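# Breakdown of the fold
Residue strings, one per chain:
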Amino acid sequence: MKTYKKILYIIFITGIATLICLDVVSQNGQQVMQSSIYNNKLPLLIIDAGHGGEDGGAVASDGTVEKEINLNIAEQVYSLSLLLGFDSLMTRCSDDALSDKTLSTIRERKMSDIDARMKILSEHKEGCLLSIHQNQFADRTCSGMQVFYSENNEMSQPLASSIQSYTINNLQKENTRKIKPTTDDIYMLKHANNPAVMVECGFMSNENELQNLKNQRYGTKIAMCILFGVLDASNPERNI
Ligand SMILES: [Zn+2]
């Protein structure tokens with residue numbers, strides 16, 4: 001994105017964020033108390049838009065590709081995080097994988113993409129991974145955010161819990177999903193030593209939720225919930 005476009009985008013997001021902040025905060029009657037991470041300081045955020053380039057991730061029935069939703073939400077998390085005072089970086093800022101394109105097989109390129117993302121984590125050991133993905137399931141009635149966490153760092157579980165709780169309390173009151181420790185197939189969470197969570201923002205297989213996930217304003221709400229969840233985990237006594 002060119003610089004002037006990015007500035008315009010940030011100004012636009014600022015306006016929406018102000019409105020949504022008021023909306024989300026006003027609904028937040030009860031704060032979820034979590035153990036504090038980072039001693040009440042804001043962590044560096046490593047915002048990871050899942051997939052990219054030739055790796056599209058899940059594909060919805062209408063042809064929507066997961067990588068696009070992931071990048072849209074990740075960009076909003078990034079822009080809003082700067083407004084909230086975080087230091088943040090993104091693992092990818094465009095529709096491009098981090099893979100070594102000279103490798104001959106898809107599997108090799110996929111592994112090099114994951115290696116490149118892991119390298120970013122290891123270069124920022126103090127950074128907190130927020131990996132953004134979408135869910136898909138054969139039962140099309142399934143819906144709602146679910147957060148997975150790494151078991152390699154004790155700060156990951158309270159971070160996941162805070163994001164899940166904030167979203168349920170403020171955006172998805174019918175969501176009964178619980179946070180889960182990572183499975184072996186979520187490579188970054190399985191191997192990262194940073195505080196690390198993967199946010200499955202919703203189910204692309206659910207028609208209503210897919211329409212929400214494709215909606216810019218809903219994406220901003222999801223981004224706000226993720227960030228306010230991080231804020232709650234960082235400082236449980238905050239007053240906003
Ligand atoms: Zn994914």
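A few points on the structure. (Residues numbered from 1 in each chain as written. Predicted model: local features only at pLDDT ≥ 70, side-chain atom pairs only at ≥ 80, totals over all residues. Heavy atoms only, no water.)

## Overview of the environment of Ile179
Applied cut-off: Comment: elements are numbered from the N terminus, with helices defined as DSSP H or I runs of at least four residues and strands as E runs of at least two.
You can see Ile179 is positioned in the loop between α4 (156-170) and β5 (180-181). Expressed as a C-alpha distance, the spacing of Ile179 and Gln157, which sit 22 residues apart in the sequence, is 8.2 Å.

## Notes on the environment of Leu42
Quick reminder of the rule: For every residue, the accessible area (1.4 Å probe, protein chains only) is compared with the maximum for its type, and the residue is labelled buried under 20%, exposed over 50%, or partly exposed between those bounds. Throughout, a residue-residue contact means that at least one pair of heavy atoms, one from each residue, lies within 4.5 Å.
For Leu42, the position within the fold is in the loop between α1 (3-27) and β1 (45-49). Classification of Leu42 by relative accessible area gives partly exposed; the value is 37%. Taking the C-alpha atoms as reference, Leu42 lies 8.3 Å from Asn235; in sequence the two are 193 residues apart. Leave out the neighbours within four places in its chain, and Leu42 touches Leu84, Gly85, Phe86 and Leu231.

## Here we look at unusual backbone geometry
The backbone of His51 shows a phi angle near 65 degrees, a positive value even though the residue is not glycine. Note on placement: His51 falls in the loop between β1 and α2 (66-83).

## Comments concerning the pairing of strand β3 (residues 128-135)
Let me state the cut-off plainly: For two strands to pair, DSSP has to find at least two bridges joining them.
Taking burial as the measure, the eight residues of β3 include eight buried ones, the bulk of the element. Direction of pairing for β1 relative to β3: parallel, over a ladder of five bridges. When the sheet's bridge partners are listed, Leu45 is paired in β3 with Cys128. Two strands pair when backbone bridges link them, and β3 and strand β6 (residues 196-203) are joined in this way by six bridges, in the parallel orientation. In the strand pairing of β6, His133 is matched with Glu200.

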